[in-house]
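Structural features, examined
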Amino acid sequence: MTGFNFTYVDVTYFSGSTLRVTLKKFEAFGLSKCKGNLVVQSSLTGTTVEGKNPIGLISGDCLSNTAVISCETMQLLPDAVGSRDLFLEMLTPVVSYGKEFITVVITRISPMFNMVISSEDATTITISEGGGSKYPPVFLAKAGDSAVLPFQDSRAFSSNKPIQAFFFQASACRYPSQRRVIEAEGDGSLSNLVANNLFYDSYIWSTPFSKQMTPNNYFVAVVRREDLMFLRFDNTELNETTITPVHGADYVVVNRNITQGSHNLYGVKAVYFGCYIYGLARYYSYMNPAGYISAEINKKCVPNYEMQPGDLTDNDCDGLIDEEVVNGRDDDNDKRIDEDVGKPPRTDGQWSHWSEWECVLECGKYGHTRRRACDNPPPTNDGDNCEGESFLRKDSNCGKNLTCPSDCGFHRWFWGCTRSCENCDGDCDKFTGTCAKCKTGYGSPELSCSQFCPAYTFGANCLGRCMEKCGTECLDKFLGTCPPSEVNNRKYLWWLTLLIPIVGFFLYIVSLKPVDAICEEEEGYYPFDITEAAAPTIELHM
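A brief structural summary. (Residues numbered from 1 in each chain as written. Predicted model: local features only at pLDDT ≥ 70, side-chain atom pairs only at ≥ 80, totals over all residues. Heavy atoms only, no water.)

Remarks on the state of the cysteines
Cut-off, in case you're wondering: In this description, a disulfide is simply a cysteine sulfur pair whose atoms lie within 2.5 Å. Put simply, DSSP H or I for four residues or longer makes a helix, DSSP E for two residues or longer makes a strand, and each gets a number counted from the N terminus. Throughout, exposure labels follow a simple rule: accessible area from a 1.4 Å probe, protein chains only, divided by the maximum for the residue type, with under 20% read as buried, over 50% as exposed, and the rest as partly exposed.
For the coordinates displayed, the defined rule picks out 11 disulfides. The disulfide that involves Cys301 links it to Cys317, with 2.0 Å between the sulfurs. Residues Cys301 and Cys317 are joined by a disulfide whose S-S torsion is about -85°; by sign, that bridge is left-handed. Here the residue Cys301 occupies a position in the loop between strand S22 (284-289) and strand S23 (358-359), and Cys317 occupies one in the loop between S22 and S23, the gap between them amounting to 16 residues. Residue classification places Cys317 among the partly exposed residues on the basis of a relative accessible area of 28%. Covalently, Cys470 is tied to Cys482 through a disulfide, its sulfur atoms 1.7 Å apart. The chirality of the disulfide connecting Cys470 with Cys482 is left-handed, given an S-S dihedral of about -85°. Within this pair, whereas Cys470 is found in helix H1 (residues 466-470), its partner Cys482 is found in the loop between H1 and helix H2 (484-491), the two being separated by 12 residues in sequence. By relative accessible area, Cys482 is classed as buried at 16%.

Describing the layout of surface pockets
The following threshold applies: The definitions used throughout rest on a 1 Å grid laid over the protein atoms alone, on which a cavity is an enclosed set of points accommodating a 1.4 Å probe that cannot get out and a pocket is an open set flanked by protein within 12 Å on both sides along at least five of seven lines; lining residues are those having an atom within 4 Å of a point. Grid points are joined across faces, edges and corners, and a volume is the space filled by probe spheres set on the points. Only Asp, Glu, Lys and Arg are considered charged in this grouping, and only Ala, Val, Leu, Ile, Met, Phe, Trp, Tyr, Cys and Pro are considered nonpolar; every other residue, Gly among them, is considered polar.
Taken as a whole, the second largest pocket holds about 730 Å³ of empty space. Along the walls of the second largest pocket sit 32 residues, with Arg224, Tyr251, Tyr272, Leu320 and Glu323 positioned nearest its centre. Looking at the lining of the second largest pocket, the elements with two or more residues in it are strand S5 (98-102), strand S7 (123-127) and strand S10 (156-169). Grouping the constituent residues of the lining of the second largest pocket by class yields 14 nonpolar, seven polar and 11 charged.

Focus on unusual backbone geometry
Between Asn376 and the following residue, Pro377, the backbone shows a cis peptide bond with an omega angle of 5°. On the secondary structure map, Pro377 appears in the loop between strand S24 (367-371) and strand S25 (391-395). One non-glycine residue, Ser448, lies in positive phi territory at about 60°. Secondary-structure assignment places Ser448 in the loop between strand S28 (442-443) and strand S29 (451-452). Positive phi values are uncommon outside glycine, yet Tyr456 reaches one of about 65°.

Here we look at the nonpolar core
Rule in force here: Working definition of a nonpolar core: buried Ala, Val, Leu, Ile, Met, Phe, Trp, Tyr and Cys residues. They are joined through side-chain atoms within 4.5 Å. Contacts are assigned to residue pairs that have any heavy atoms within 4.5 Å of one another.
With 37 residues, the main nonpolar core has Val104, Val116, Ile125, Phe157, Val222, Tyr276 and Met287 as its most contacted residues. Sorting elements by how many residues they give to this core places S10 first, with five residues. Not counting chain neighbours up to four residues away, the residues in contact with Ile125 comprise Val116, Pro137, Val138, Leu140, Leu149, Phe157, Ser158, Ser159 and Ile163. One finds Trp205, Phe219, Cys275 and Ile277 within the second-largest nonpolar core, a separate group that totals 17 residues.

As far as function goes, none of this settles anything; it's purely spatial.
Laid out in structure tokens, this is it:
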């Protein structure tokens with residue numbers, strides 16, 4: 001840091017010092033040298049902030065005394081009083097620093113600057129040629145060094161090592177003879193400049209608003225010239241835009257004034273582009289990226305080909321993210337196919353064809369209806385639903401000659417009372433034919449009790465179980481009467497309960513008597529060969 005010192009808990013810190021602070025969850029810690037109208041020429045630029053756990057870091061200038069220029073000569077007006085405003089931006093982590101950038105211009109007459117900060121020693125920034133201008137390289141000797149780039153147009157620049165880049169604008173210009181008349185509304189503002197690798201394919205944002213002032217709102221997009229035709233703003237093709245070529249790259253910068261409220265900008269195919277939003281009012285300005293990919297592009301890359309489409313990861317370590325489409329071709333000429341693909345393009349839903357007109361069956365209403373579905377194709381990847389009606393109705397005499405089901409008599413239902421529910425124990429629903437209970441011998445109350453009780457069931461709603469009552473199928477489906485033969489046989493079943501253990505006991509006794517003893521009862525008679533001296537085996541098949 002330069003010229004910045006402070007005292008915290010009775011300890012004074014200077015350039016080269018280290019301060020350690022422990023924060024609880026959602027606590028904040030801030031350093032500031034803002035006090036009234038005091039202007040302090042000091043800076044924390046180059047300070048490294050590290051956390052054991054993830055943290056957010058906001059930095060900027062709380063009392064920026066922005067320069068004022070002449071709208072006629074674009075030269076500084078030393079006697080004009082500039083306004084002081086808040087310059088703040090959420091900083092990106094070092095692992096997301098990039099090497100390739102495209103700066104922008106906005107629809108405003110005021111000085112615009114690009115500032116870069118190095119993350120490593122010996123960093124060289126190369127500025128592209130074009131537009132009749134040639135700039136020497138910018139060299140940053142140490143990590144944390146910064147520089148303001150010497151151009152104010154849309155231009156590409158790159159570095160040999162990862163850097164953080166910013167875009168900021170000064171106060172609007174003034175006419176020297178009319179100091180209080182501002183040609184271009186706006187005050188100073190600060191914004192991150194997004195690295196090309198962190199461009200995304202769709203953005204959604206809402207403009208700021210307050211009761212004190214309503215700024216004129218804009219967006220500015222950075223897109224490849226060949227992909228401009230694929231951009232859609234609020235679901236329509238881009239129009240009423242200012243298009244500026246980018247020096248040193250096949251990109252264009254698109255500016256457009258937008259209304260207050262929410263907006264979206266996206267590509268109808270896999271198009272990656274940068275997008276910023278900004279607003280201008282008297283003594284007020286803002287500018288911020290509309291969004292970007294939070295990828296770790298400044299770290300050692302390890303190839304990982306087990307990827308998911310649109311995973312926002314540099315799977316093949318070529319410095320690009322999701323640069324391919326699923327097409328079976330080597331889009332990036334690295335001798336691999338579909339190894340780092342983006343998500344499929346956004347698709348808005350389209351209507352299918354209308355169905356044929358169908359007669360309306362609704363009591364007291366007569367006519368025809370037809371329908372269509374938003375599935376040709378359905379919306380995918382944040383695509384919009386179809387606009388318009390999915391249902392149409394027209395008046396006609398259709399259905400007038402049919403009796404309304406609610407007017408049907410006992411045990412009759414449906415339109416025109418054409419269906420019967422005579423097997424219901426009571427009446428049925430006039431529109432669905434559903435019964436609360438079925439007559440004896442009938443089931444399926446949801447189908448007007450139209451089913452005769454199936455096998456092994458009987459009684460009301462077929463809840464009786466024949467097997468529990470008869471041991472077999474019952475004789476009828478009404479009372480569940482058991483077949484006579486089965487009833488008589490059941491009278492003698494108790495004898496079996498006595499016979500089985502008696503037979504088993506007898507066989508057990510026999511098995512204990514020696515074979516020779518059995519044979520001695522009839523000397524010389526052997527019903528089987530015992531010369532093998534094998535013990536008998538008894539099998540009972542029950």
